[in-house]
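Observations on the three-dimensional arrangement
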Amino acid sequence: MSGGGRATGGPAPKIGDPCWVDIYTSDPDRAIDFYGRLFGWTAERAGEEFGGYITFHKDGKAVAGGMGKTADSVEGPDQWTVYLASPDAKATADAAVAHGGTIVVPPMDVGELGAMAVLGDAGGAGVGIWQAGEFAGFQTIGIVSGGTWSDHAGSPSWFELHTRDYAGALAFYREVFGWSDTFTISDTPEFRYTTIHATTPMLGGVMDASAFLPEGVPAGWTIYFGADDVDAAVAEVVELGGTVLSPPQDSPYGRSAQVADPTGARFSIGGNSK
């Protein structure tokens, strides 16, 4: 991680906003190569005092982080984690437990950069907490508004929770992370979706996934990284050793696909419809 706040792509994060993402990977070198080729990211590795943490940059601006697995790491698959902004990581973690969540990684200071923790929300989805110190989080993000993507190529642009307990998840994030201006796009049995904010930048949302999440697949957050050409980016994923989980398709909200990197970490690619 390197210092600074969000330079472009919207205002500084509000409490409860997605403010950072990072990948927990079994092969950091391969992740650096894969995401560098796919999104044009460069990588900066911190020293041993920060566990060799990787900060990825797009055009010189911090967009994501990475941490390699070690012998004493928390067990689990390679995966991306979304972090939400908090003024007090410990207080937020305590509130999460009080509202049915669990602690995966207890709150800890990260030097002078800030403090972090990782939770399981009340529906079992993993989510991080970031309390900013010298490091605020993203230095640029894409903007998605009215189905149009802008300033999005190679940048995190949308953050989406798929949950089996839609009402419970919304209650959890409102109580624990202070979401106060959510907007319900649809509330029918076929499609239930609420965005984090009612006005642009909405940043992401919560989807009722009870009808399509396979048995045994946990609830979870997914990150949409932007691309000027979603189909070309998906083809590049395959060429670089990744896999396609859901092929590109248009919706009223743009064009998107779900993919996995070479070690299995899942993410989505989004952009404008053709």
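Let me sum up the structure you'll find in this document.

Basis of the calculations
- Residues numbered from 1 in each chain as written.
- Predicted model: local features only at pLDDT ≥ 70, side-chain atom pairs only at ≥ 80, totals over all residues.
- Heavy atoms only, no water.
- Helix = DSSP H or I, 4+ residues; strand = E, 2+ residues; numbered from the N terminus.
- Rg over C-alpha atoms; globule rule 2.2 N^0.38 Å.
- Buried < 20%, exposed > 50% of the residue type's maximum accessible area, 1.4 Å probe, protein only.
- Contact = heavy atoms within 4.5 Å.
- Lys, Arg positive; Asp, Glu negative; His and termini not counted.
- Salt bridge = Lys/Arg side-chain N within 4 Å of Asp/Glu carboxyl O.
- Polar contact = N/O pair within 3.5 Å; in protein donor to acceptor, adjacent residues only side chain to side chain.
- Axes fitted to C-alpha atoms, helices over the stretch in contact; angles between N-to-C directions.
- Left-handed = near helix turned anticlockwise from the far one by under 90°.
- Nonpolar A, V, L, I, M, F, W, Y, C, P; charged D, E, K, R; others polar.
- Pairing = 2+ DSSP bridges.
- Expected span 1.5 Å × (residues − 1).
- Arc of directions from axis to C-beta.

**What to know about the overall build of the protein chain**
Along the backbone of the protein chain there are 4 helices and 18 strands. Expected size for 274 residues packed as a compact globule is a radius of gyration near 19 Å; at 17 Å, the protein chain falls within 12% of this value. When its C-alpha atoms are laid out on the principal axes, the protein chain stretches across 50 × 45 × 35 Å. The proportion of buried residues among the 274 residues of the protein chain is 49%. In the protein chain, 60% of the contacts between residues at least 6 apart in sequence involve partners at least 24 apart.

**What to know about the environment of Asp231**
In this fold, Asp231 is placed in helix α4 (residues 230-239). In sequence terms Asp231 and Ile269 are 38 residues apart; their C-alpha atoms lie 9.1 Å from each other. Excluding anything up to four places from it in sequence, Asp231 contacts Pro248, Arg255 and Lys274.

**Notes on the side chain of Asp22**
With respect to the helices and strands, the residue Asp22 is situated in strand β1 (residues 18-25). Despite its burial, Asp22 pairs with no opposite charge; the closest candidate is Lys69, at 12 Å N-O. Among the polar contacts made by the side chain of Asp22, one reaches the side chain of Tyr53 at a distance of 2.8 Å. Sequence-distant contacts of Asp22, that is, excluding residues within four places in its chain, are made with Tyr53, Gly65, Gly66, Gln79, Trp80, Thr81 and Tyr83.

**Observations concerning the packing of helix α2 (residues 89-98) against helix α3 (residues 166-177)**
Relative orientation of the contacting elements α2 and α3 amounts to 145°, with a least axis distance of 9 Å. Handedness of the crossing formed by α2 with α3: right-handed. Facing α2, whose interface residues are Thr92, Ala95 and Ala96, α3 presents Phe172, Val176 and Phe177. Taken together, the residues that form the contact of α2 with α3 break down as 5 nonpolar, 1 polar and no charged.

**Comments concerning the sheet that holds strand β12 (residues 183-188)**
Sheet architecture is open: 8 strands sit in the order β12-β13-β14-β11-β15-β18-β17-β16, paired in mixed fashion. The open sheet is flanked by β12 and β16 (243-251), the only strands paired with a single partner. For this sheet the average axis-to-axis angle between neighbouring strands, irrespective of direction, equals 20°. Note that strand β15 (residues 220-226) and strand β18 (residues 266-271) share 3 bridges and pair parallel. In the sheet register, Tyr224 faces β18, and the bridge partner there is Ser268. Running over the sheet, helix α1 (residues 28-39) touches β15 and β18 and is turned about 10° from β18.

**Quick word on the environment of Phe172**
Along the chain, Phe172 turns up in helix α3. Distance in space between the C-alpha atoms of Phe172 and Gly100 is 8.0 Å, their sequence separation being 72 residues. Every residue in contact with Phe172, bar those within four places of it in the chain, is listed here: Ala96, His99, Gly101, Asp121, Ala122 and Phe177.

**As for the sheet that holds strand β5 (residues 79-85)**
If you trace the 8 strands from one edge of the open sheet to the other, you get β2-β3-β4-β1-β5-β8-β7-β6, paired in mixed fashion. Of all strands in the sheet, those bounded by a partner on one side alone are β2 (42-45) and β6 (102-110). Put simply, the sheet's adjacent strands are angled 25° from each other on average, direction ignored. Here 6 bridges tie β1 to β5, and the two strands are oriented antiparallel to one another. What sits directly across from Asp22, in β5, is Thr81. Sitting on the sheet, α2 is in contact with β6, β7 (114-120) and β8 (126-132), with an inclination near 175° to β6.

**Looking at α3**
For α3, built from 12 residues, the straight-helix expectation of 16 Å at 1.5 Å per residue is met to within 8% by its first-to-last C-alpha distance of 16 Å. Taken together, the buried positions of α3 are Tyr166, Ala169, Leu170, Phe172, Tyr173, Val176 and Phe177. One face of α3 carries all of its buried residues, which in axial projection span an arc of 160°. α3 presents Ala167 and Glu175 as exposed residues on the side facing more than 90 degrees away from its buried surface. Residue Gly178 follows α3 closely and has a positive phi angle near 75°.

**Describing the pairing of strand β14 (residues 204-208)**
Judged by how many residues are buried, β14 sits mostly within the fold: 5 of 5 residues are covered. Burial along β14 is two-sided: the face carrying Gly204, Val206 and Asp208 and the face carrying Gly205 and Met207 are both buried. Direction of pairing for strand β11 (residues 156-163) relative to β14: parallel, over a ladder of 5 bridges. Of the residues in β14, the one forming a bridge with His162 is Met207. The pairing of strand β13 (residues 191-195) with β14 spans 3 bridges and is antiparallel. Among the inter-strand pairings, Thr194 is bridged to a residue of β14, identified as Val206.

Functional significance is not addressed by these values, which are geometric in nature.
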